[in-house]
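The primary structure of each chain is shown beneath.
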Amino acid sequence: RRVHGGVRTFATHMRKHLLSLLLLWVFAVTLVFISHHTINDPNYFMETRSWSNSPSAPASSAGDTPTKTVPEPSQLGKQLTALILEWNTPRTLANTLRSYQKNGLLEHVNETVLFIQESTPAKVEKAKQYFNIRPIGSPVNIKLHNAFDELVLNATTEFVLFLEKDWELIEPRDIVLEQLDAAISLVSSGVADVVRLRSRDHPGPDFYAKETYQGNEEAVFSRQPNLLCNFHHWIKNPDERWPFAFQKCYDSPVFYCLRALYCNWTNNPVVFRRQWWIDNMSQWARYPNLERRYTNFENLLNNIPKSWNVQPYTVAVGRGLFYHHEIDG
């Protein structure tokens, strides 16, 4: 009995051992099958990859914009000319240029062109003290809209960043490069015609849209729809509140795109293509008797629909970079 029991116990162990080996063999065969038929399948992982929405490419709101390879930051910056307009504000200009030098703007762009209203040799020499600045100007004040046009015509690159003398750069170098590169990508890909860069969270004083319209958005929109884009400065997710107007058009960093119908022209910091300005906007900047008839360039564009509001232009808004800081008063 003792021997018979030992044989029966041995047989039981052998069956369990063989069963384990069989399970291991089935498991190994399954892994080989999966490896051959799935890992080597070019469609594998497609549900988890989203190359078109990667941080290096603007996402199309319409879904039909081809993915583009975005150059390195230094390459993009060399396609951009910064344009600055100044008129008798030496302390403000000095503060602004120091912020551009400190945070990498002057070295990132191809060059900076400074238009000096009522220019003198002394003002020109003082401007040349800063890195990468080319001063131009007029001995008399030719008004903002004419000087604006002169600046664009004097740019030497495909894209321009328009600034006035009182736009202080408040973001660190890495954010500056990120925002500028995204702006150029949006314009170069055709997703946007104009990219606004006034700081979303820190726009500075004299931001009349926020000071006048915050808390009264729907009533303002019903009267003047092209003010809608300004509301993103204090509305956290504007695409959820106004999905018909705001569409996320760049993922990282985030930018929203709107048609000109919902976004007025502004002389605040903007990036656009030089040729776009020449083809479309230069005629309005040179409009006869502009000041006498419309007071300023922004008012003209608000009051002549065919100049801006009914055009198929797209404007992008995002985090921004610049704070309005007038020192001279």
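Just so it is clear, the structure is predicted and the values come from calculations on it, not from any experiment.

By secondary structure assignment, the location of alanine 245 is in the loop between helix H10 (238-241) and strand E7 (247-250). Along the sequence, alanine 245 and leucine 258 sit 13 residues apart, while their C-alpha atoms lie 5.6 Å from each other. In contact with alanine 245, not counting residues within four places along its chain, are Leu228, Cys257, Leu258 and Tyr262.

The next point concerns the pairing of E7. For a regular strand, side chains alternate in direction, first toward one face of the sheet and then toward the other. Two elements, E7 and strand E8 (residues 255-259), share three bridges in a ladder whose sense is antiparallel. In the strand pairing of E8, tyrosine 250 is matched with phenylalanine 255. Here E7 hands over to E8 after four residues, the two strands then running antiparallel side by side.

This next bit is on the environment of arginine 200. When you line up the elements, arginine 200 lands in the loop between strand E6 (194-196) and helix H8 (208-213). A sequence separation of 34 residues divides arginine 200 from tryptophan 234, and the C-alpha atoms of the two residues are 7.8 Å apart. If sequence neighbours within four positions are ignored, arginine 200 has contacts with His232, His233, Ile235, Lys236, Pro238, Tyr256, Gly318 and Arg319.

We now examine the state of the cysteines. In total, this model carries two disulfides according to the counting rule given. The residue that forms a disulfide with cysteine 229 is cysteine 263, at a sulfur-sulfur distance of 2.2 Å. On the S-S bond that ties cysteine 229 to cysteine 263, the torsion sits near 75°, and the link is right-handed. Highlighted residues: cysteine 229 in the loop between helix H9 (217-223) and H10 and cysteine 263 in the loop between E8 and strand E9 (270-273), separated in sequence by 34 residues. The same class applies to cysteine 229 and to cysteine 263, which are both buried. Counting only the cysteines that form disulfides, in the order they appear in the protein, gives the pairing 1-4, 2-3.

Moving on: the sheet that holds strand E3 (residues 133-138). The nine strands lie next to each other as E3-E2-E1-E4-E9-E6-E10-E8-E7, forming an open sheet whose pairing is mixed. Where the open sheet ends on each side, the last strands, each with one partner, are E3 and E7. The mean angle between the axes of side-by-side strands here comes to 30°, regardless of whether they run parallel or antiparallel. As judged from the six bridges shared by strand E2 (residues 111-117) and E3, these two strands associate in the parallel manner. Bridging from a neighbouring strand, glutamine 117 pairs with serine 138 of E3.

Here we come to unusual backbone geometry. The omega torsion across serine 252 and proline 253 is 5°, close enough to zero to call that bond cis. Along the polypeptide, proline 253 turns up in the loop between E7 and E8. Backbone geometry at asparagine 88 places phi at a positive 50°, although glycine is not the residue there. Tracing the backbone shows asparagine 88 in the loop between strand E1 (80-86) and helix H3 (90-102). Judged by relative accessible area, which is 38%, asparagine 88 ranks as partly exposed. A positive phi is found at asparagine 132, a non-glycine position, where the angle reads about 65°. Tracing the chain through its elements places asparagine 132 in the loop between helix H5 (121-127) and E3.

Attention now moves to the pattern of salt bridges. A complete count under the given rule lists twelve salt bridges for this structure. Salt-bridge contacts for arginine 286 lead to glutamate 150; the nearest nitrogen and oxygen are separated by 2.7 Å. Of the two residues, arginine 286 is situated in the loop between helix H11 (274-285) and helix H12 (290-294) and glutamate 150 in helix H6 (residues 144-154); the sequence distance between them amounts to 136 residues. Given the relative accessible area of 28%, glutamate 150 is considered partly exposed. Two residues, arginine 319 and glutamate 171, come together in a salt bridge whose shortest N-O distance is 3.1 Å. Of this pair, arginine 319 sits in the loop between strand E10 (314-318) and strand E11 (322-324) while glutamate 171 sits in the loop between strand E5 (167-169) and helix H7 (173-188); the two residues are 148 residues apart in sequence, bridging distant segments of the chain.

Rules and cut-offs
Residues numbered from 1 in each chain as written. Predicted model: local features only at pLDDT ≥ 70, side-chain atom pairs only at ≥ 80, totals over all residues. Heavy atoms only, no water. Helix = DSSP H or I, 4+ residues; strand = E, 2+ residues; numbered from the N terminus. Contact = heavy atoms within 4.5 Å. Pairing = 2+ DSSP bridges. Disulfide = S-S within 2.5 Å. Buried < 20%, exposed > 50% of the residue type's maximum accessible area, 1.4 Å probe, protein only. Axes fitted to C-alpha atoms, helices over the stretch in contact; angles between N-to-C directions. Salt bridge = Lys/Arg side-chain N within 4 Å of Asp/Glu carboxyl O.

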